[in-house]
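# Report on the structure
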Amino acid sequence: MRKFLSSAAIAVVMMAGLSAAHAADVKEVQMLHWWTSGGEAAALNVLKQDLSKEGFAWKDVPVAGGGGDAAMTALKAMVAAGTYPTASQMLGYTVLDYAQAGVMGDLTETAKKEGWDKSVPAALQKFSVYDGKWVAAPVNVHSVNWLWINKAVMDKIGGTQPKTFDELIALLDKAKAAGVIPLALGGQNWQEATMFDSIVLSTGGPEFYKKAFNDLDEESLKSDTMKKSFDNLATIIKYVDPNFSGRDWNLATAMVIKGDALVQVMGDWAKGEFVAAKKTPDTDFLCYRFPGTDGSVVYNSDMFGMFNVPDDRKAAQVALATATLSKSFQSAFNVVKGSVPARTDVPDTDFDACGKKGIADLKAANEGGTLFGSLAQGYGAPPAIANAYKDVVSKFVHGQIKTSDEAVKQLVQAIDDAR
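Every residue gets a number counted from 1 within its own chain, in the order that chain's sequence is written. For a predicted model such as this one, the threshold for reporting local features is a pLDDT of at least 70, and the threshold for listing and counting side-chain atom pairs is 80 or more; totals across whole chains, interfaces and linings nevertheless cover every residue. Derived side-chain values reflect all non-hydrogen atoms in the structure, with water molecules and hydrogen atoms excluded from consideration.

Let's shift gears to the overall build of the chain. Numbering of helices and strands runs from the N terminus; a helix is a DSSP stretch of H or I covering at least four residues, while a strand is a stretch of E covering at least two. When its secondary structure is counted, the chain shows 20 helices and 15 strands. For a compact globule of 419 residues, the expected C-alpha radius of gyration is about 22 Å, and the chain comes in at 21 Å, within 12% of that figure. Referenced to the eigenvectors of the C-alpha coordinate spread, the extents of the chain come out at roughly 60 × 45 × 45 Å. For the exposure calls, accessible area comes from a 1.4 Å probe over protein chains only, and a residue counts as buried if that area is under 20% of its type's maximum, exposed if over 50%, partly exposed in between. In the chain, which comprises 419 residues, the share counted as buried stands at 59%. Contact definition: two residues touch when any of their heavy atoms are within 4.5 Å. Taking all contacts inside the chain whose residues are at least 6 apart in sequence as the whole, residues at least 24 apart take part in 77%. For the chain, the exposed area adds up to about 15800 Å²; of that, 50% sits on carbon and sulfur atoms. For the chain, the separation between the mean place of its 42 positive charges and that of its 48 negative charges on side chains is 2 Å. Values of the radius of gyration come from C-alpha atoms, whereas the globule rule sets the reference at 2.2 Å times the count of residues to the power 0.38. Surface exposure here means Shrake-Rupley accessible area, sampled with a 1.4 Å probe, where a residue is shielded only by the protein chains that are shown. Positive charges are assigned to Lys and Arg, negative charges to Asp and Glu, while His and the chain termini are left out of the count. All charge positions are set by atom: Lys at NZ, Arg at CZ, Asp at CG, Glu at CD.

Moving on: the pairing of strand 7 (residues 140–143). Burial along strand 7 is two-sided: the residues Asn-140 and His-142 and Val-141 and Ser-143 are all buried. As judged from the two bridges shared by strand 7 and strand 14 (residues 340–341), these two strands associate in the antiparallel manner. Residue pairing across strands places Val-141 opposite Val-340, the latter belonging to strand 14. Two strands are counted as paired when DSSP detects at least two bridges linking them. Here strand 7 pairs with strand 12 (residues 297–300) via two bridges, running antiparallel. If you follow Ser-143 over to strand 12, its bridge partner there is Tyr-299.

Our next topic: the side chain of Lys-337. Within the secondary structure, Lys-337 is located in helix 17 (residues 327–337). Salt bridge, as used here: a side-chain nitrogen of Lys or Arg that lies within 4 Å of a carboxyl oxygen of Asp or Glu. Here Lys-337 occupies a buried position and makes no salt bridge, while the nearest side chain of opposite charge, Asp-302, is found at 4.0 Å. Residues within four places of Lys-337 in sequence aside, it is in contact with Trp-35, Glu-40, Ala-43, Asn-140, His-142, Asp-268, Trp-269, Gly-272 and Asp-302.

A few words on the sheet that holds strand 13 (residues 302–306). The mixed open sheet is built from five strands, whose spatial order is 2-1-3-13-6. With one partner strand each, in any of the chains shown, strand 2 (57–62) and strand 6 (136–138) form the two edges of the open sheet. Averaged over all adjacent pairs, the angle separating strand axes in this sheet is 30°, with direction ignored. Inspection of the sheet shows strand 1 (residues 28–33) paired to strand 3 (residues 87–91) by two bridges, in the parallel sense. Bridging across to strand 3, Leu-32 finds its partner in Ser-88. Helix axes are fitted to C-alpha atoms over the stretch in contact, other axes to C-alpha atoms as well, and angles between N-to-C directions run from 0 to 180 degrees. Helix 2 (residues 38–53) rests against strand 1, strand 2 and strand 13 of the sheet, and its axis sits at about 150° to strand 2.

Side chains that differ in sign of charge can pair as their charged atoms come close. One pass over the structure, following the stated rule, counts 17 salt bridges. Close ionic contact of Glu-219 with Lys-222 constitutes a salt bridge, the shortest N to O distance being 3.4 Å. The class for Lys-222 is partly exposed, based on a relative accessible area of 43%. Put simply, Arg-289, Asp-294, Lys-357 and Asp-361 are held in one network by salt bridges that share partners.

Moving on, we get to the nonpolar core. Residues grouped as a nonpolar core are buried Ala, Val, Leu, Ile, Met, Phe, Trp, Tyr and Cys residues, joined through side-chain atoms within 4.5 Å. Within the largest apolar cluster, 78 residues are counted, with the highest numbers of intra-cluster contacts made by Phe-196, Phe-213, Met-226, Phe-230, Leu-233 and Ile-236. No other element matches helix 19 (residues 383–397), which puts eight residues into this core. In terms of nonpolar packing, the next biggest core, distinct from the first, is built from 66 residues, Ala-43, Leu-44, Val-103 and Trp-134 among them.

What follows concerns the domain arrangement of the chain. As annotated, the domain borders come from an automatic or database domain assignment. According to the domain assignment, the chain contains domain 1 (28–141 + 301–368) and domain 2 (143–299 + 371–417). Each of domain 1 and domain 2 has a C-alpha centre, and these two points are 26 Å apart. Computed with a 1.4 Å rolling probe, the buried area is the accessible surface lost when two parts are put together, summed over both parts. Around 2300 Å² of area is buried between domain 1 and domain 2 when both sides are counted, 61% of it from carbon and sulfur atoms. Of all residues in domain 1, Tyr-93, Cys-354 and Ala-365 give up the largest surface area on contact with domain 2, accounting jointly for 23% of the area buried on that side. Applying the counting rule to domain 1 against domain 2 returns three salt bridges. Asp-294 is the partner of Lys-357 in a salt bridge, and the nearest nitrogen-oxygen pair spans 3.8 Å. Pairing of N or O atoms within 3.5 Å defines a polar contact, subject to two protein rules: one partner must be a possible hydrogen donor and the other a possible acceptor, and residues neighboring in sequence count only if both atoms are side-chain atoms. For the pair domain 1 and domain 2, the number of links is eight residue pairs in polar contact (both at pLDDT 80 or more). Looking at the side of domain 1 that touches domain 2, the elements with two or more residues in it are helix 2, strand 3, helix 4 (92–100), helix 7 (122–128), helix 17 and helix 18 (353–368). At nine residues, the largest contribution of residues to the side of domain 1 that touches domain 2 is made by helix 18. Looking at the side of domain 1 that touches domain 2 residue by residue, the class counts come to 14 nonpolar, twelve polar and six charged. Only Asp, Glu, Lys and Arg are considered charged in this grouping, and only Ala, Val, Leu, Ile, Met, Phe, Trp, Tyr, Cys and Pro are considered nonpolar; every other residue, Gly among them, is considered polar.

Printed below as a string of structure tokens:
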């Protein structure tokens, strides 16, 4: 999801955003986002169409690359200049940072009218409500602990669903022996860390994941279990192709869609690419939880952070927020996006097999206390800590950190420095 832009490119994006904000029309919704892949753009179009029916024009301020680093750089420039967009796509702790800075709007009246407090899970309200006020509208719930598998390749090699990490490695060996790239990965730090989220949960279990990556418990971070997690990362990374470094996430997904690779470990935004390619679960592709993580969901949630815009632009903002959390949009959007609704009262009727599983898994994890924020995706800890984590994981993957012991030491130190 992350594609880093050059300084010059970021400057162009910033100026585009500033110009858009200056040119604001009261009947226009300006949206800063990083949804530019095929599946993401198709999902966003659902919202554009809904708002168009209400008489609101859509003004894109897009920044290519789905994890948002470049988009958040552009947003900082807009906020510093006092030229706020109607809303910006945001993740977790970034919403709270801007709320603490006092630049967010107040959606509480709309939230009360629409009953958001009863339908949005508490885990999401932690990031969308600040000081008793709703400042963001959750769009969806993504979970990261998924395997996406090309079914034709799976059938060709006689593979079956892996239930353990060792079984996953055996499956990758089968793909390698058949001359297929076993693991599709983009060598960008956020992708590597997203996969490591799943490896840590699989290696240590739910309680260990929570202690290490949500509570930031130092004993867990420096434990033998964390070392074993890095050992497992070292094992699985051997199955990528030589050209993985720098590859965008959706290009890795395309490798699986085309049958050039067997499996991708990625959040369920990957399913949006399969949907855009008109592929069907259980016919063209398979969706399994990462081995050893069944019963738990490691999540992130795209949110539309709403800024404190002038009064004459607030009608457009309320229309955006209302549309975003309507049951009809939550269903239609998430069917296309690959995620599941941010409301717990949306029927799963229109969702495919993977979507139905995602909804059921979220409900069970929410009720069972096994719904955990993804550290790689901005929901486990504040950005400085998440960035330190991604940096250490990426250095290990690319050989700059040589051993698991050293990786554990550097992880503990990096997180301590970032606290």
